[in-house]
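Reading the structure
Listed below are the residues making up each chain.
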Amino acid sequence: MSDKAPTVLGVHHTAFRCRDAEETRKFYQDILGLRMRAAYKLEEDPTTGKPTPFLHIFFGFEDGNYIAFFDAPDSATPEHFAIHHPFDLHYAMEVADKERLMAFKSRLEAHELPVMGPIDHGFCHSIYFNDPNGLVMEFTCKDARHDAIMNEEEAAAVEVLAQWTRDTAAQKRHLTPAPAQAAE
Amino acid sequence: MSGSTPAIHGIHHSAFRCRDADETLRFYRDVLGLKPRAALRIPDDPLTGEAHPYLHLFFEMGDGNFIAFFDAPSSATADHFRPDHPFDLHYAMEVADQAEMMAFKARLEAHGIEVMGPLDHGFIHSIYFYDPNGLMLEFTCRDAGHEAALVEAEAELDSVLAEWTRDTAAEKRRFMPPPAQAAE
């Protein structure tokens, strides 16, 4: 079986922990301009049934995606809100063009938020900043060559990856084997 | 200033660390059916310019969104790949309906992957599982009443949020105030 996977349409939401729902609302709604759609107050962890009061808030994007946050103070610690390295986690939102990218940079700086970039990645141009929860945020706009570059990279991807796998296998021994999530 | 906010269209990509690009390719392409679009082999951290060789892997979903991974063995530790608690981080991908969701559940289980759910969240139904990197993934499908439920939630969110903020202020003192990211 399992020759053909059912279809993943896209993202519905990405969810992160927040320090304080109101602080997060001010940032995402008042500074970034997202529309807040829901604040659900819940009493139990839905995956374990354990009592843990939390507020689950959702902001909607134009394309029907959501970014969601959990405000769960009884399990939160200051370490949860340490700033991430972008290799560990970052979240890139798309704007139409470089003009809007630079308009966001000015707007963030007017709110006293440090902004890094723009950085030219070839297929996109990006600026970086932190949200109040330590999450690395990126605004990006596609370069005119975005799709052409992706097509080129797609043709090369399997070979680049195979070479990389060979080159890094020894260096990865301390990370493997993967936990046998399958075998329980 | 800041009278009008530039528009965020949606997500371009979310990026996570992976243990091994090949293992991640097998999971996202062969099990989940996403399309690998790029494997960029890059010698330096683009933000700091420091030597930090990594492979940056991109998969595309049906709606043009990407999920991206960093395979950067020189900075990876086994701790990076501990399973996340869903309050800290999870990533929800959308499928068309409950039939597709249950087809994915069967497919995942046939691959020996443990699946939780489906859970009925009122406006969506979801199943949960872990990717090989400890990232919690969700497959979700919208209920017929998805938009109506959010319209209702949106109408009450100011009062729900205000009450929650009052109720939890004392408990949050141990991880508030936020770092003054503004004041540098």
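Notes on the structure follow. The model shown is predicted, which means the values in this text are computed figures rather than measured ones. (Residues numbered from 1 in each chain as written. Chains lettered and ligands numbered in written order. Predicted model: local features only at pLDDT ≥ 70, side-chain atom pairs only at ≥ 80, totals over all residues.)

Helix and strand content of chain A: 3 helices and 8 strands. Helices and strands appear in chain A in the N-to-C order β-α-β-β-β-β-α-β-β-β-α. For the C-alpha atoms alone, the extent of chain A along its principal axes is close to 50 × 45 × 35 Å. Scored against the burial criterion, the 184 residues of chain A give a buried share of 38%. In chain A, the proportion of contacts linking residues at least 24 apart, taken out of those at least 6 apart, comes to 50%. (Helix = DSSP H or I, 4+ residues; strand = E, 2+ residues; numbered from the N terminus. Buried ≥ 20, exposed ≤ 12 C-beta atoms within 10 Å, placed from the backbone. Contact = placed C-beta atoms within 7 Å.)

This part covers the environment of Ala7 of chain B. Mapped onto the secondary structure, Ala7 of chain B falls in the segment before β1 (10-17). Taking C-alpha positions, Ala7 of chain B is 25 Å from Leu47 of chain B, a pair spaced 40 residues apart along the chain. Among residues more than four places away in sequence, those in contact with Ala7 of chain B are Glu62, Val95 and Arg100 of chain A.

Let us now look at helix α2 (residues 98-110) of chain A. All names here are of chain A. Taking 1.5 Å of rise per residue, the 13 residues of α2 would be expected to cover 18 Å, and the 18 Å separating its terminal C-alpha atoms lies within 8% of that figure. Of all the residues in α2, the buried ones are Leu101, Phe104 and Arg107. Each buried residue of α2 lies within a common arc of 125 degrees when the element is viewed along its axis, so the set occupies one face. Residues of α2 that are exposed and angled more than 90 degrees away from the buried face: Lys98, Glu99 and Ala110. Residues of α2 that are buried sit in contact with β6 (116-120), β7 (124-130) and β8 (136-142). Following α2 by one or two positions, Glu112 has its phi on the positive side, about 65 degrees. (Expected span 1.5 Å × (residues − 1). Arc of directions from axis to C-beta.)

Further remarks concern the nonpolar core. Ala21 of chain A together with Ala21 of chain B are the most contacted members of the largest nonpolar core, which totals 88 residues. Those residues in contact with Ala21 of chain B that sit more than four places away from it in its chain are Leu161, Trp164 and Thr165 of chain A together with Ala39, Leu55, Leu57, Phe69 and Asp71 of chain B. (Core = buried A, V, L, I, M, F, W, Y, C linked by C-beta atoms within 7 Å.)

This part covers the packing of helix α3 (residues 146-168) of chain A against helix α1 (residues 21-31) of chain B. Interaxial distance between α3 of chain A and α1 of chain B falls to 9 Å at its minimum, and their mutual angle equals 135 degrees. With respect to α1 of chain B, the element α3 of chain A is oriented oblique. Of the residues in α1 of chain B, those touching α3 of chain A at Leu161, Trp164 and Thr165 of chain A are Ala21, Asp22 and Leu25 of chain B. When its residues are assigned to classes, the contact of α3 of chain A with α1 of chain B shows 4 nonpolar, 1 polar and 1 charged. (Axes fitted to C-alpha atoms, helices over the stretch in contact; angles between N-to-C directions. Parallel < 35°, antiparallel > 145°, perpendicular 65-115°, else oblique. Nonpolar A, V, L, I, M, F, W, Y, C, P; charged D, E, K, R; others polar.)

It is worth spelling out the interface of chain A and chain B at this point. Contacts between the two partners involve 93 residues from chain A, matched on the other side by 90 residues from chain B. In terms of residues, the side of chain A that touches chain B owes the most to one element, α3 of chain A, which gives 9 residues. In terms of residue class, the side of chain A that touches chain B is built from 52 nonpolar, 22 polar and 19 charged. As paired elements, strand β5 (residues 89-94) of chain A and β1 of chain B share 6 bridges and run antiparallel to each other. The residue of β1 of chain B that forms the bridge with Ala92 of chain A is His13 of chain B. (Pairing = 2+ DSSP bridges.)

Time to look at the sheet that holds β5 of chain A. Strand order in the open sheet formed by 8 strands is β6(A)-β7(A)-β8(A)-β5(A)-β1(B)-β4(B)-β3(B)-β2(B), and the pairing between neighbours is mixed. Whereas interior strands pair on both sides, the edge strands pair on one side only; in this sheet they are β6 of chain A together with β2 (35-44) of chain B. Direction aside, neighbouring strands of the sheet carry axes that sit 20 degrees apart on average. When β6 of chain A meets β7 of chain A, the two strands line up antiparallel, connected through 3 bridges. Bridge pairing in β7 of chain A places Met116 of chain A opposite Tyr128 of chain A. Of the strands in this sheet, β6, β7 and β8 of chain A touch α2 of chain A, which is tilted by about 15 degrees from β7 of chain A. In this fold α3 of chain A packs onto β7 and β8 of chain A together with β2 and β3 (51-60) of chain B, with an angle of close to 75 degrees to the strand it touches most, β2 of chain B.

The next subject is the sheet that holds strand β7 (residues 124-130) of chain B. Read across the open sheet, the 8 strands follow the order β2(A)-β3(A)-β4(A)-β1(A)-β5(B)-β8(B)-β7(B)-β6(B); overall the sheet is mixed. In this open sheet, the two strands that pair with only one neighbour each are β2 (35-44) of chain A together with β6 (116-120) of chain B. Taking each pair of neighbouring strands and ignoring which way they run, the sheet shows an average axis angle of 20 degrees.

Of the consecutive residues Gly117 of chain A and Pro118 of chain A, the connecting peptide bond is found in the cis state with omega at 10 degrees. Within the secondary structure, Pro118 of chain A sits in strand β6. Here Gly117 of chain B and Pro118 of chain B are connected by a cis peptide whose omega angle stands at 15 degrees. Mapped onto the secondary structure, Pro118 of chain B falls in strand β6. For Glu112 of chain A, which is not a glycine, the phi torsion comes out positive at approximately 65 degrees. Looking at the secondary structure, you find Glu112 of chain A in the loop between α2 and β6.

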